[in-house]
Amino acid sequence: MKERLISQAINVLEENFQPGGFTIPCKGLYPFQWKWDSGFIAIGQAYYDVSKAKQEIATLLDAQWDNGFIPHIVFHNESDTYFPGADVHRSDLSPVSSKKYKSTGMTQPPVTGFVLEEMYRIAKDKEDMFGYIKSQIDKVYDNHKYFYKNRDVNDEGLVFIYHNWESGTDNSPIWDDIWETMNPPEYTFERRDTTHVDASQRPSKREYDHYLYIIEIAKENNYNDAKIAELSPFLVLDPLFNAMLIRSNQALINLYTLIGDNDDKIAQLVKWQVKSIKGFNKKLWDKNLGAYVHYDLRSDEPISFVTSSSFSPLFANIPSKERADILINTMMTKFGGEDKYLCASFDPESDRFDPKKYWRGPVWINMNWILFYGLKNYDYNNLAERVKDDSVELIEKFGFYEYFNCKKGTEDAGYGGGNFSWSAALLIDFLNN
Ligand code: GLC
């Protein structure tokens, strides 16, 4: 079983690999390079083709802007199967954008730091991988510097996202109340995602109007971060995003320590790290829910819902042992019933929960992977095994889908795009650990 699944997973990744040296998340649906997808993909590739893994990250980092920013989509090629494409995002409006590649002007969770460390863990030829890491690591450091310099508006160690697409959890119910505060124009455009995937599993047209409106504001200000911080109707502290940054800080500290001769950078990273972990525990912990939550910087209020992002701080060693116990208890009470696969992306007890709709409920393999290692960090080994087994079972039963229904016994429980790259890549890692 294991060998067969791994070879199917490799097949998916090979099919999605592009001549430009990067891997698309999914044929038809996502025809370019996505930032956090690339990170997860490289982890899978590192098991069977190290040179592809190295290339995947090098290609992404090659699209870095002069200010250290790394965009969420790199438009390596022309494709009209995706909306909104390069002509909508217009990265050229920013004076610091890449001259080499068109991209979006927004980013995604900063996974690249810990991905380098994972690649080092997986690589058989450590010396070769070490050389590669030395050649790339400063770009990732510059990216963290960008975040702390431009996005920590309250100087509390927490960085904002200005668009729901930056979170990676596109249509989460978390954003519903923010959409209520906005009244965007009715844009005319042709969606392409709904030609590939059943519309009932995707965001609505009206939601897309909101998504586009925020981009228009950012474009009017040439993607200037200070202006965005001032004017964007969407400004959120996201626990997943900040946990990925914190975990990546730690990876950079570990890797620079191995490399040696980088005391200044290590000292700076440690400073960021201490401040971020403190700020995180202070601002994003919701005592009543017993979970980490999002925080809306516009209304200056927490957004009190439990999502799979609420558990991601375990991956970055953010909670104390005591707090981790509370968090895991919350997870098991709401998400962990025997009738359910772990882990739904949104609180199954909430009336905003939808088991089929993208980030409003379905299980995502990348979030399960983050949870698996997070639980292991706190020695919840049996529970970690359950998360792994649930992930493998979903893929084995239904295929390499983008997301899955958490309710056991559902027929055809795989949704969204098929042959989805990170589901394949992370399955390879699951089956090797
Ligand atoms: C969707 C997901 C996002 C992912 C992208 C490409 O937009 O919400 O997290 O990066 O697809 O797979």
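Report follows, based on the coordinates. Keep in mind it's a predicted model, so treat the numbers as computed, not measured. (Residues numbered from 1 in each chain as written. Predicted model: local features only at pLDDT ≥ 70, side-chain atom pairs only at ≥ 80, totals over all residues. Heavy atoms only, no water.)

**Regarding the sheet that holds strand β5 (residues 102–103)**
Phase 1 of the analysis: Strand order in the open sheet formed by three strands is β3-β4-β5, with antiparallel pairing between adjacent strands. Two strands lie at the open edges of the sheet, namely β3 (33–34) and β5, each paired on one side alone.
Phase 2 of the analysis: Examined bridge by bridge, strand β4 (residues 73–75) and β5 share two bridges and lie antiparallel to one another. Residue pairing in the sheet places F75 in a bridge with K102 of β5. (Pairing = 2+ DSSP bridges. Helix = DSSP H or I, 4+ residues; strand = E, 2+ residues; numbered from the N terminus.)

**Digging into empty space enclosed by the protein**
Over the atoms rolls a probe the size of a water molecule, and its path tells where empty space is left.
Phase 1 of the analysis: For the structure on display, the rule yields four cavities of 30 Å³ or more.
Phase 2 of the analysis: One number sums up the size of the largest cavity: a volume of about 240 Å³.
Phase 3 of the analysis: What lines the largest cavity is a set of 25 residues, and nearest its centre among them are Y30, W34, D170, Y358 and E402.
Phase 4 of the analysis: Put simply, the parts of the chain that give the lining of the largest cavity at least two residues each are α2 (35–48) and α9 (193–196).
Phase 5 of the analysis: The computed volume of the second largest cavity comes to approximately 50 Å³.
Phase 6 of the analysis: For the second largest cavity, the full set of lining residues is W65, N67, F69, G105, Y146, R151, Y162, Y223, D225 and I228.
Phase 7 of the analysis: Taken together, the residues that form the lining of the second largest cavity break down as six nonpolar, two polar and two charged. (1 Å grid on protein atoms, 1.4 Å probe; cavity = no way out; pocket = protein on both sides within 12 Å on 5 of 7 lines; lining within 4 Å. Points joined across faces, edges and corners; volume = space filled by probe spheres on them. Nonpolar A, V, L, I, M, F, W, Y, C, P; charged D, E, K, R; others polar.)

**Focus on the pattern of salt bridges**
Phase 1 of the analysis: On inspection of all chains with the given rule, the structure shows 30 salt bridges.
Phase 2 of the analysis: One salt bridge connects R151 with E166, and the closest N-O pair in it is separated by 2.9 Å. Residue R151 is found in the loop between α6 (126–150) and β6 (160–161), and its partner E166 is found in helix α7 (residues 164–167); the two are separated by 15 residues along the sequence. Each member of the pair, R151 together with E166, is buried. (Salt bridge = Lys/Arg side-chain N within 4 Å of Asp/Glu carboxyl O. Buried < 20%, exposed > 50% of the residue type's maximum accessible area, 1.4 Å probe, protein only.)

**Focus: the layout of surface pockets**
Phase 1 of the analysis: What the largest pocket holds in volume is close to 270 Å³.
Phase 2 of the analysis: Lining the largest pocket are 13 residues, with S79, Y82, G85, A86 and D87 sitting closest to its centre.
Phase 3 of the analysis: It is helix α4 (residues 86–89) that provides the largest number of residues to the lining of the largest pocket, a total of three residues.
Phase 4 of the analysis: Across the lining of the largest pocket, the residue classes tally to six nonpolar, three polar and four charged.
Phase 5 of the analysis: Size it by volume and the second largest pocket reaches roughly 180 Å³.
Phase 6 of the analysis: If you trace the second largest pocket, you find it lined by E118, I246, R247, Q250, Q273, I277, F315, A316, N317, W369, Y373 and N377.
Phase 7 of the analysis: Looking at the lining of the second largest pocket, the elements that each hand over two or more residues are α12 (239–259), α13 (263–283) and α15 (365–377).
Phase 8 of the analysis: When the residues that make up the lining of the second largest pocket are grouped by side-chain class, the tally is six nonpolar, four polar and two charged.

**Here's the deal with the packing of aromatic side chains**
The relation between two aromatic rings is expressed through the spacing of the ring centres and the mutual angle of the planes.
Phase 1 of the analysis: A full pass over the atoms with the stated rule returns 44 aromatic pairs.
Phase 2 of the analysis: Residues F189 and Y208 carry aromatic rings whose centres are separated by 6.2 Å and whose planes lie at 35° to one another, so their mutual orientation is tilted. Of this pair, F189 sits in the loop between α8 (176–180) and α9 while Y208 sits in helix α10 (residues 205–220), and the two are 19 residues apart along the sequence.
Phase 3 of the analysis: Judged by relative accessible area, Y208 falls into the buried class, the value being 4%.
Phase 4 of the analysis: Centroid distance F372 to Y373: 4.9 Å. Interplanar angle 80°. Geometry classified as edge-to-face.
Phase 5 of the analysis: On the basis of relative accessibility, which here comes to 0%, the residue F372 falls in the buried class.
Phase 6 of the analysis: The aromatic ring of Y120 is capped on one face by K126, whose charged end is 5.4 Å from the ring centroid.
Phase 7 of the analysis: We note R247 situated over the ring of F315; from NZ or CZ to the ring centre the distance is 5.7 Å. (Phe/Tyr/Trp six-rings, centres within 6.5 Å; stacked < 30°, edge-to-face > 60°. Lys NZ or Arg CZ within 6 Å of the ring centre and 35° of its normal.)

**Description of the site of the ligand**
Phase 1 of the analysis: Surrounding the ligand, one finds P25, Y30, W34, W36, D37, Q108, G168, D170, Y358, W359, F420 and W422.
Phase 2 of the analysis: For the ligand, an oxygen atom lies 2.7 Å from a polar atom in the backbone of G168.
Phase 3 of the analysis: For the ligand, an oxygen atom lies 3.2 Å from a polar atom in the side chain of Y358.
Phase 4 of the analysis: Taking a 2 Å distance to the grid points as the criterion, the majority of the atoms of the ligand fall inside the largest cavity.
Phase 5 of the analysis: In terms of residue class, the shell around the ligand is built from eight nonpolar, two polar and two charged. (Near = heavy atom within 4 Å. Polar contact = N/O pair within 3.5 Å; in protein donor to acceptor, adjacent residues only side chain to side chain. Sits in = over half its atoms within 2 Å of the grid points.)

**As for the state of the cysteines**
In a disulfide, the sulfur atoms of two cysteines are covalently bonded to one another.
Phase 1 of the analysis: If you walk through the whole model with that rule in mind, you get zero disulfides.
Phase 2 of the analysis: In this structure C343 is not part of a disulfide, and its nearest cysteine sulfur, from C406, lies 8.7 Å away.
Phase 3 of the analysis: The buried category is assigned to C343, whose relative accessible area is 1%. (Disulfide = S-S within 2.5 Å.)

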